[in-house]
Amino acid sequence: MKKIKNSLSEIMTVAGVLLLLLYSSDPIIRGDASRYLHGSLIDPPMYSLIISIIQSLFDTLNSVIIFQTFLVALGVIYFTRIVSRIFDINYIIKIIISFFLLIPILKFYNYLLTEPISYAFSLLLFGSVINLIYNFNNRNLFWSTGFVIALLLLRNQFIILYPVIFLLYLGIFILNKSKKTLVMLIISFLSIFIIHNSLISLNKYIKQNTL
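Residues numbered from 1 in each chain as written. Predicted model: local features only at pLDDT ≥ 70, side-chain atom pairs only at ≥ 80, totals over all residues. Heavy atoms only, no water.

### A few points about the layout of surface pockets
Our working definition: Using a grid of 1 Å spacing that covers the protein atoms alone, one calls a set of points a cavity when a 1.4 Å probe fits there but cannot get out, and a pocket when the set is open and has protein on both sides within 12 Å along at least five of seven lines; lining residues are those with an atom within 4 Å of a point. Grid points are joined across faces, edges and corners, and a volume is the space filled by probe spheres set on the points. By the criteria applied, helices consist of DSSP H or I runs no shorter than four residues and strands consist of E runs no shorter than two, each listed in order from the N terminus. Polar here means any residue other than Ala, Val, Leu, Ile, Met, Phe, Trp, Tyr, Cys and Pro, which are nonpolar, and Asp, Glu, Lys and Arg, which are charged; Gly is therefore polar.
Reported here for the largest pocket is a volume of approximately 290 Å³. Counting residues per element, the ones that place at least two in the lining of the largest pocket are α2 (33–38), α3 (46–58) and α9 (179–210). The element contributing the most residues to the lining of the largest pocket is α9, with 5 residues. In terms of lining, the second largest pocket is formed by 13 residues, of which the most central are Met12, Gly16, Ser98, Phe99 and Leu102. Going through the elements one at a time, α1 (2–23) and α5 (91–102) are the ones with two or more residues in the lining of the second largest pocket. At 6 residues, α1 tops the list of elements feeding residues into the lining of the second largest pocket. Here the residues of the lining of the second largest pocket are counted per class, giving 9 nonpolar, 4 polar and no charged.

### A closer look at the packing of helix α6 (residues 115–134) against helix α7 (residues 138–152)
When two helices pack together, their arrangement is given by the angle between their axes and by how far apart the axes lie. Definition in use: Only the stretch in contact is used when a helix axis is fitted, and all axes are lines through C-alpha atoms; the angle between N-to-C directions ranges over 0 to 180 degrees. Throughout this description, any angle smaller than 35 degrees is read as roughly parallel, any larger than 145 degrees as roughly antiparallel, any in the 65 to 115 degree range as roughly perpendicular, and the remainder as oblique. By convention the crossing between two helices is left-handed if the near helix lies anticlockwise of the far one by an angle smaller than a right angle, and right-handed if it lies clockwise. By definition, residues are in contact when any of their heavy atoms lie within 4.5 Å.
For the pair α6 and α7, interaxial distance at closest approach is 9 Å and the crossing angle is 155 degrees. With respect to each other, α6 and α7 are oriented roughly antiparallel. Considering only the axes of α6 and α7, their crossing is left-handed. Residues Ser118, Phe121, Ser122, Leu124, Leu125, Ser128, Val129, Asn131 and Leu132 of α6 form the contact with α7, whose participating residues are Asn140, Leu141, Trp143, Ser144, Phe147, Val148, Ala150 and Leu151. Classifying every residue of the contact of α6 with α7 by side-chain character gives 11 nonpolar, 6 polar and no charged.

So yeah, pure geometry; function would need other evidence.
Below, the structure written as C-alpha cells:
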C-alpha cells in the first residue's frame, strides 16, 4: 500500500499524458515549425535532429509529439521524485506539484516547436541542480552538465544559462570548499562551453556545405 501511495504521482502523470495523446497526437505546425522540419543555420541543431531521427524510424510526425509529451512526463516525474526525497514531502503534495507542472503543456504539448522539449529538459535540469546542491558528487554533476548542454542545443535563448551556471557553481564551491570540488566544477563548465560551441559550429559547417 505504501509503495502504491509513493508511486501514485507517477501513475497519474503517465495517465494524464496518455489521456492528452488519446485526445490528440496530431502535430500542430505553425510559425517557425518549418525551420525545424528542414533545419536552419540560425537555430541550434538538437530539435531538428530529434525530428529527423524519429521521422526516419516511424515515418510520421505524430511520433515526435508522442516522444516530446512523454519526455515532459519524464521531466515531471524526475523533478517531483527529487523534491519529494530531499524535502520529505508526502504523496498528496507530490501529486499537487505534478498536477501544476503538467498544466502548462496543455497549450503546447502537440506543437512542432521546441517548447515541449525545452520544458522537459528544464524540469530535468532543475531536479538535477537541486540534487547537486544537496548531494554534490560526480554523477549529479554529470547529469546537470548534460541537461545544460541539451538546453543550449535546443534554443539560442538558453545562452543565459552560462552566467546562471557560473553563479551556481560559485555558490556550490563556497558550500563545498575543496580543490577537488573546484576542479570538478571547472571541468564541467569547460565541457559545457566546448561541447556546446563545437556542436553549433559543426552544425553550421554541415548546413553550409549541404545547401
